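# Descriptive analysis of the structure
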Amino acid sequence: MADTQQVDEGAGAKQDAKAERRAAKLAKQISSFAQAHGGAEGQIAYIGQKGARIVLVGEDGGWGDLVAPTFAIAEQAVKKSGITTHDDFDGEFANKVKTGPYEWTRMAGIQLGGPSND
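The text that follows walks through the structure, step by step, so that each part is easy to find. (Residues numbered from 1 in each chain as written. Predicted model: local features only at pLDDT ≥ 70, side-chain atom pairs only at ≥ 80, totals over all residues. Heavy atoms only, no water.)

### Digging into the pairing of strand β2 (residues 52–58)
Each regular strand shows side chains that alternate between the opposite faces of the sheet. What counts here: A 1.4 Å probe rolled over the protein chains alone gives each residue an accessible area, and that area as a share of the maximum for its type sets the label: buried under 20%, exposed over 50%, partly exposed in between. Helix and strand labels come from DSSP, where a helix needs a run of H or I of at least four residues and a strand needs a run of E of at least two; each type is numbered from the N terminus. At least two bridges found by DSSP between two strands is the condition for calling them paired.
When you tally the buried positions in β2, you get six out of seven residues, the bulk of the element. Counting the residues that bridge the hairpin from strand β1 (residues 40–46) to β2 gives five residues, and of these Gly48 lies at a positive phi of roughly 80°. Connecting β2 to the next strand, strand β3 (residues 63–68), in antiparallel fashion are four residues, including Gly61 with a positive phi near 95°.

### As for the nonpolar core
Note the threshold: Nine residue types can take part in a nonpolar core, namely buried Ala, Val, Leu, Ile, Met, Phe, Trp, Tyr and Cys, and a core is a set of them joined through side-chain atoms within 4.5 Å.
Among the nonpolar cores identified, the biggest contains 17 residues, and Ile30, Ile54, Leu56 and Ile83 are the most heavily contacted of them. With five residues, helix α1 (residues 2–36) is the single largest residue contributor to this core.

### Looking at the packing of aromatic side chains
As a reminder of what qualifies: Here the aromatic set is Phe, Tyr and Trp, taking the six-membered ring for Trp, and pairing holds for ring centres within 6.5 Å; pairs whose planes are under 30 degrees apart are stacked, those over 60 apart are edge-to-face, and all others are tilted.
All told, the structure shown has one aromatic pair when counted by the stated rule. Taken together, a centroid distance of 5.0 Å and an interplanar angle of 75° make the contact between Phe89 and Phe93 edge-to-face. Relative accessible area serves as the criterion here: at 38%, Phe89 is assigned to the partly exposed category.

### Focus: the sheet that holds β3
We count it as follows: Every axis corresponds to a line fitted to the C-alpha atoms, with the helix fit spanning only the stretch in contact, and the corresponding angles, defined between N-to-C directions, vary from 0 to 180 degrees. In what follows, a contact means two residues having at least one pair of non-hydrogen atoms within 4.5 Å.
Strand order in the open sheet formed by four strands is β3-β2-β1-β4, and the pairing between neighbours is mixed. Where the open sheet ends on each side, the last strands, each with one partner, are β3 and β4 (84–86). For this sheet, the mean angle separating the axes of adjacent strands, direction not counted, is 30°. Where β2 meets β3, six bridges bridge the pair, whose relative direction is antiparallel. For Val55, the partnering residue across the bridge sits in β3 and is Asp65. Of the strands in this sheet, β1, β2, β3 and β4 are in contact with helix α2 (residues 71–81), which crosses β1 at around 170°.

### Re the side chain of Glu41
Using the following cut-off: Polar contacts, as counted here, are pairs of nitrogen or oxygen atoms within 3.5 Å of one another; within protein the pair requires one atom able to donate a hydrogen and one able to accept it, and residues that are adjacent in sequence qualify only if both atoms are side-chain atoms.
Assignment of secondary structure puts Glu41 in strand β1. For Glu41, a relative accessible area of 10% gives the class buried. Here His86 takes part through its side chain, which lies 2.3 Å from a polar atom of the side chain of Glu41. Beyond its immediate chain neighbours, meaning those up to four positions away, Glu41 contacts Val55, Leu56, Val57, Glu59, Ile83, Thr84, His86, Phe93 and Lys96.

Here you go:
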């Protein structure tokens, strides 16, 4: 039984190392976004089996998102990047997002029969 336990421990360590690398890669991407946009804030949202979505909003109003395989990895990445996080995407945080014509025609235009910007 000790052999099985060692194999399981090895697999766990391998998964932990993989998760650590993924969190580090996401943290680097978050930091890069923050640097390009004069700083950034974020919000983590659980999206089911797909993992967690990290929504980023730059100080200049630019926005983007990343998907982490798990909520824990998303939290670890955000912590490593050092950005401020919010529990919800509402209020002052949501008001920081600046959208342009592309977003308006994609979000509202499709719903209302407007151009699809294909």
